[in-house]
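# Breakdown of the fold
Here is what each chain is made of, one letter per residue.
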Amino acid sequence: VLVGVLGAGQLGRMLALAGYPLGLRFRFLDPTPGSPASALAEQIVADYDDAEALARLSECDVVTFEFENVPVDAVEVLATRTRVHPSPTALAVAQDRLHEKTAFRELRIPTATFAAAHDEAELRAAVAQIGLPAVVKTRRFGYDGKGQLVVRSEADVTAAWRSLGERPLLVEALVPFTRELSLLAVRARSGEARFYPLVENSHADGVLRESRVPARGISARLQEEAESHAHRLLEQLDYVGVLALELFDVEGVLHANEIAPRVHNSGHWTIEGAATSQFENHLRAVSGLPLGETALTGPTAMLNLLGRIPSPGRLLALPGAHLHDYGKAPRAGRKVGHLTLRADHEAALDERLGAARALLETD
Ligand code: AMP
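First, a word on scope: everything that follows refers to the structure included in this document. Just so you know, these numbers come straight off a predicted model, no measurement behind them. (Residues numbered from 1 in each chain as written. Predicted model: local features only at pLDDT ≥ 70, side-chain atom pairs only at ≥ 80, totals over all residues. Heavy atoms only, no water.)

## Re the site of the ligand
Near the ligand lie 15 residues; those nearest to it are K137, E172, V175, E180 and E258. Contact between the ligand and V175: a nitrogen atom at 2.8 Å from a main-chain N or O atom of the residue. Interatomic distance of 2.7 Å between a side-chain N/O atom of E258 and an oxygen atom of the ligand. Within the complex, 89% of the 470 Å² of free accessible area of the ligand lies under protein. (Near = heavy atom within 4 Å. Polar contact = N/O pair within 3.5 Å; in protein donor to acceptor, adjacent residues only side chain to side chain. Areas by Shrake-Rupley, 256 points an atom, 1.4 Å probe, with all protein chains shown as cover.)

## Considerations on the sheet that holds strand β8 (residues 148-151)
Ordered by their spatial adjacency, 4 strands build an open sheet running β6-β9-β7-β8, and the pairing between neighbours is antiparallel. Here the strands that pair on one side only, and so sit at the sheet edges, are β6 (114-117) and β8. Between one strand axis and the next, the sheet turns by 25° as a mean value, whatever way the strands run. Pairing analysis gives 4 bridges linking β6 to strand β9 (residues 169-173), with the strands arranged antiparallel. Within β9, the position partnered with F114 by the bridge is E172. Helix α5 (residues 97-106) rests against β6, β7 (134-138), β8 and β9 of the sheet, and its axis sits at about 150° to β6. Sitting on the sheet, helix α7 (residues 154-164) is in contact with β7, β8 and β9, with an inclination near 175° to β8. (Pairing = 2+ DSSP bridges. Helix = DSSP H or I, 4+ residues; strand = E, 2+ residues; numbered from the N terminus. Axes fitted to C-alpha atoms, helices over the stretch in contact; angles between N-to-C directions. Contact = heavy atoms within 4.5 Å.)

## Details of the pattern of salt bridges
When the charged atoms of two side chains with opposite charge come close together, those side chains can pair. All chains considered together, the criterion is met by 22 salt bridges. Residue R139 is joined to D96 by a salt bridge in which the shortest nitrogen-to-oxygen separation is 2.7 Å. Of the two residues, R139 sits in the loop between β7 and β8 while D96 sits in the loop between α4 (88-95) and α5, which places them 43 residues apart along the sequence. One exposure class covers both R139 and D96, and it is buried. (Salt bridge = Lys/Arg side-chain N within 4 Å of Asp/Glu carboxyl O. Buried < 20%, exposed > 50% of the residue type's maximum accessible area, 1.4 Å probe, protein only.)

## Quick notes on the pairing of strand β13 (residues 207-213)
Taking burial as the measure, the 7 residues of β13 include 6 buried ones, the bulk of the element. One ladder, built from 5 bridges, connects strand β12 (residues 199-204) with β13; its direction is antiparallel. The partner of H203 across the bridge, within β13, is L208. Between β12 and β13, which pair antiparallel one after the other, the connecting turn spans 2 residues, and D205 there sits at a positive phi close to 50°. Relative to strand β16 (residues 300-306), β13 runs antiparallel, the two being bridged by 4 bridges. Among the inter-strand pairings, S211 is bridged to a residue of β16, identified as M302.

## With respect to α5
Buried residues of α5: R97, L98, E100, K101, A103 and F104, and no others. Trailing α5 by a residue or two, R108 shows a phi angle of about 60°, which is positive.

## Let's talk about the nonpolar core
Residues V3, F26, F28, W269, F279 and L283 are the most contacted members of the largest nonpolar core, which totals 35 residues. Where this core is concerned, the elements lending two or more residues are β1 (2-6), α1 (10-19), β2 (25-29), β10 (179-187), β13, β14 (241-250) and α10 (278-286). When residues of this core are assigned to their parent elements, the largest contribution, 5 residues, is made by α1. With residues up to four places along the chain from it excluded, the contact list for F26 reads L2, V3, V5, L15, A16, G19, Y20, A41, E42 and L283. With 26 residues, the next largest nonpolar core counts A90, I109, A185 and L222 among its residues. (Core = buried A, V, L, I, M, F, W, Y, C linked by side-chain atoms within 4.5 Å.)

## A look at the side chain of K335
Inspection of the secondary structure puts K335 in strand β18 (residues 335-342). Taking the relative accessible area as the measure of exposure, K335 reaches 15% and is therefore buried. Ignoring sequence-local partners within four residues, the contact set of K335 consists of Q10, D144, V207, N265, N304, L305, L306, Y326 and K328.

## Comments concerning α10
Within α10, 8 of the 9 residues are buried, which leaves it mostly tucked inside the rest of the structure. By the burial criterion, the buried members of α10 are Q278, F279, E280, N281, H282, L283, A285 and V286. Count one or two residues on from α10 and you reach G288, which has phi positive near 80°.

## As for the pairing of β7
Extensive coverage of β7 is indicated by the burial of 5 of its 5 residues. Going residue by residue along β7, you find A134, V136 and T138 tucked away on one face and V135 and K137 tucked away on the opposite face as well. Here 4 bridges tie β7 to β8, and the two strands are oriented antiparallel to one another. Residue V135 lies in a different strand from β8, and its bridge partner there is V150.

## Examining the packing of α4 against α5
Where α4 meets α5, the axes come as close as 5 Å, and the angle between the chain directions of the two elements is 100°. Between α4 and α5, the interaxial angle falls into the category roughly perpendicular. Along the contact surface, α4 presents A92, V93, A94 and Q95, while α5 presents R97, H99, E100 and A103. Residues that form the contact of α4 with α5 fall into these classes: 4 nonpolar, 2 polar and 2 charged. (Parallel < 35°, antiparallel > 145°, perpendicular 65-115°, else oblique. Nonpolar A, V, L, I, M, F, W, Y, C, P; charged D, E, K, R; others polar.)

## What to know about the side chain of H268
Positionally, H268 belongs in the loop between β15 (253-260) and α9 (270-273). In this structure H268 touches L11, M14, Q278, F279, M302, Y326 and H338, once residues within four positions along its chain are discounted.

Encoded structure:
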C-alpha cells in the first residue's frame with residue numbers, strides 16, 4: 001500500500017517510521033527541500049497545489065496530511081481521484097477557527113464565547129460584546145501562539161487591528177483555565193473510535209514544552225466527558241484518522257480550544273508510552289485496518305527539544321529516556337526533536353523529569 005502525505009516534517013517522518021513495519025510505503029509532498037521525512041521516503045518538492053505533484057500523489061492508494069495549512073482545493077482535487085483521509089471537509093473546519101468554534105457550539109461542547117470580525121469597527125463591537133480581557137486571533141494560519149493577541153483595554157483594540165487586521169479575525173473570551181489538556185482520538189473507516197488517556201500539556205510562548213500522562217487527578221468522569229466531546233466531533237465530521245482535541249481545564253469543566261486534524265505533538269509520548277502509537281493508529285485508520293489498543297503502558301512524559309539537540313550521550317544516560325532527533329538544522333525556537341521519559345510509577349517519573357529539565361537547561 002502506497003500512502004501519500006501532504007507535508008514532510010517530523011510528523012511525516014514519524015508516520016513513515018511507524019508505517020514500515022506494516023509494509024506501507026510513502027510518498028511525501030512538501031515545498032521545502034530536504035524535509036525531515038525525506039531521509040526515509042521519496043519527497044516531491046513542489047507547492048501543495050502544483051498540478052503535476054498532485055497527479056503523482058493521486059497514484060497513491062490513500063492520501064493523508066501531517067500539516068493542516070494546505071489548500072483545501074488541492075485536497076478536494078485529490079479526493080476526486082483517490083481516497084483522502086481525513087476528508088477535505090474535516091480539513092476545512094479545522095483550518096478556520098470560526099468554523100471550529102461553531103462546530104463545538106453546535107455539538108454542545110463547552111468553549112469560550114466568541115465572535116467574528118472583518119474590520120476595526122466589528123472588532124471593537126466584538127470585544128465590547130465579549131468583554132475584557134479578550135483574545136484576538138486570526139481565523140486562519142495561526143499556530144504555536146502566532147497570530148493572536150490578548151486585548152486588555154479599549155486602547156489595545158486599535159493595536160490588535162493594526163498587527164492582525166486586514167484578515168478575518170475571531171475574538172474569544174480569555175478562559176481562566178487551571179491547566180491545558182489534550183485528547184488524542186482515532187476513528188477507523190469502519191466507524192470504530194478509540195481514545196488515549198488525557199494528556200496534561202505545558203506551553204511557553206505558545207509553544208508546547210512538555211506533555212505528561214496520565215494527567216494528574218483525572219477522574220473517570222472527566223475522561224468520559226473528553227471522549228464524549230471528541231466522539232461527537234469524529235461522528236459529525238465522518239472523520240477517519242487521528243484527531244487531537246485541545247482542551248482547557250476550568251476547575252474540572254473541559255472547554256474545547258481547537259482541533260488538529262492530524263497526529264499531534266501532544267501525542268508523541270504514545271510511541272513509547274502506549275500500546276499502539278498515534279502514528280501507527282493513524283495509518284491503520286486511513287488504510288482500512290483495525291485499530292490498535294490505546295492503553296497507557298505506564299507513566300510517560302515528553303519534552304520538546306527546541307533550537308538544537310543537547311548531547312545525545314547525556315540525554316540517553318537518563319534512566320527511561322528515549323531520544324527522537326528529527327534531523328533538522330538547528331535554529332532558535334525550532335522543534336528539532338523530543339525526549340520521552342518512562343517510569344514505573346509517577347514519583348519516579350517526576351524525578352526523571354526534574355533531571356531531564358536540569359540537563360536541558362545546562363547542556
Ligand atoms: P491556540 O493557537 O488557539 O492553540 O492558542 C495557543 C495558546 O494560547 C493556548 O494553548 C492557550 O495557552 C492560549 N489561549 C488560546 N486561546 C485562549 C483563550 N480563549 N483563553 C485563554 N488562553 C488561550
